[in-house]
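As a plain string of letters, each chain reads:
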Amino acid sequence: MIFQILSYLVYMVHAELNTPGSPDLVPRVDFYPAELLGVEEYEDRDVFVEFSWRNTTNRTLIESSQFSRDFYVTLFSEDTSLLEIANSSIPECIHIGDEPHNFSFTVRGVFLGYTNVKLVLKRAVKGCEIINGDESVFERGGKSWTYELLTSVIRQPSILINGVTIIFAILVAINFINMGVQLDLDCIKSVLRKPIGPAIGFFCQFLFMPLVNIISFHIHLLF
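All of these numbers come straight from a predicted model, not from anything done at the bench.

So, how was this worked out
- Residues numbered from 1 in each chain as written.
- Predicted model: local features only at pLDDT ≥ 70, side-chain atom pairs only at ≥ 80, totals over all residues.
- Heavy atoms only, no water.
- UniProt positions renumbered as here; feature names shortened; annotations may be inferred.
- Helix = DSSP H or I, 4+ residues; strand = E, 2+ residues; numbered from the N terminus.
- Patch = residues over 30% accessible without salt bridge, like charges linked within 9 Å, V, L, I, M, F, W, Y side chains within 5 Å.
- Areas by Shrake-Rupley, 256 points an atom, 1.4 Å probe, with all protein chains shown as cover.
- Salt bridge = Lys/Arg side-chain N within 4 Å of Asp/Glu carboxyl O.
- Buried < 20%, exposed > 50% of the residue type's maximum accessible area, 1.4 Å probe, protein only.
- Polar contact = N/O pair within 3.5 Å; in protein donor to acceptor, adjacent residues only side chain to side chain.
- Contact = heavy atoms within 4.5 Å.
- Pairing = 2+ DSSP bridges.
- Axes fitted to C-alpha atoms, helices over the stretch in contact; angles between N-to-C directions.

## Details of the UniProt feature "transmembrane region" (unreviewed entry) in the protein chain
- Within this structure's numbering, the places UniProt gives as "transmembrane region" (unreviewed entry) are residues 159–178 and 199–221.
- Taken end to end, residues 159–178 comprises 100% helix and 0% strand; its first and last C-alpha atoms sit 29 Å apart.
- A distance of 32 Å separates the end C-alpha atoms of residues 199–221, which is 100% helix and 0% strand.

This is how it looks when you write it as structure tokens:
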């Protein structure tokens, strides 16, 4: 009898948790733009952030008592040597009933490369009211969600760099043209009759050298 009662209770709990209408309570964060590519060195770019509090059943989370209404917000650059957060209007803690839910922050390019801007939402178990009175509250918070914004930093356009690039491109083109006009059919035929030398050169340049570089790189990572 006891076993039947326990089985029935387990069945009811399982059915309640897997009911199609039960909400999947997950916050959503959207960045505008969705990717921040081509930030120049020492350039400031604004990014807009929108917080939405909806679930898979399209019910607002404000209507659900199962969802924590307060969230701690942490915004940071994954690699500050490439990109840094210059300014932000996002509060340290937000309440889902507060308005507005649209904020912005400013990033500044530092050096060339790719990195991510991360925004972490963490459930405020004790609420936003004690954020100033309890410094350890962040460590005792609940579940967290992390959202990433891909960014890249490029070099500032320079007349000197563009000029040097154009000059070298012209010189390389002239060099290839000169090499091409010096070829004749007899030279090509002689190479085709004895292709071992060119084949060895092709193998070393396009297969052996890249393979050695890849192996050296992975060995360097191991040590």
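## Overview of a nonpolar patch on the surface
- A cluster of nonpolar side chains, L160, V164, I166, I167, F168, I170, L171 and I174, forms an exposed patch at the surface whose accessible area comes to about 800 Å².
- Within the secondary structure layout, F168 lies in helix α2 (residues 159–181).
- Among the residues examined, F168 registers a relative accessible area of 53% and is labelled exposed.

## Structural notes on the side chain of T115
- Looking at where T115 falls in the secondary structure, it is placed in strand β8 (residues 113–123).
- By relative accessible area, T115 is classed as buried at 5%.
- Within the structure, T115 has its side chain in polar contact with the backbone nitrogen of D79 (distance 3.2 Å).
- Those residues in contact with T115, other than ones at most four positions away along the chain, are S77, E78, D79, L82, L83, L149, L150 and T151.

## Thoughts on the sheet that holds strand β2 (residues 36–40)
- With mixed pairing, the five strands of this open sheet are ordered in space as β2-β9-β8-β4-β6. Sheet topology places β2 and β6 (93–95) at the edges, where each strand pairs with a single neighbour. For this sheet the average axis-to-axis angle between neighbouring strands, irrespective of direction, equals 30°.
- Here three bridges tie strand β4 (residues 70–77) to β6, and the two strands are oriented antiparallel to one another. Directly across from D70, in β6, lies its bridge partner H95.

## Re the environment of E40
- Mapped onto the secondary structure, E40 falls in strand β2.
- Judged by its relative accessible area of 26%, E40 is partly exposed.
- Each C-alpha atom, one on E40 and one on F111, is 8.5 Å from the other, the two residues being 71 residues apart in sequence.
- Ignoring anything within four residues of it in the chain, the contact list for E40 reads G109, V153, I154, Q156 and P157.

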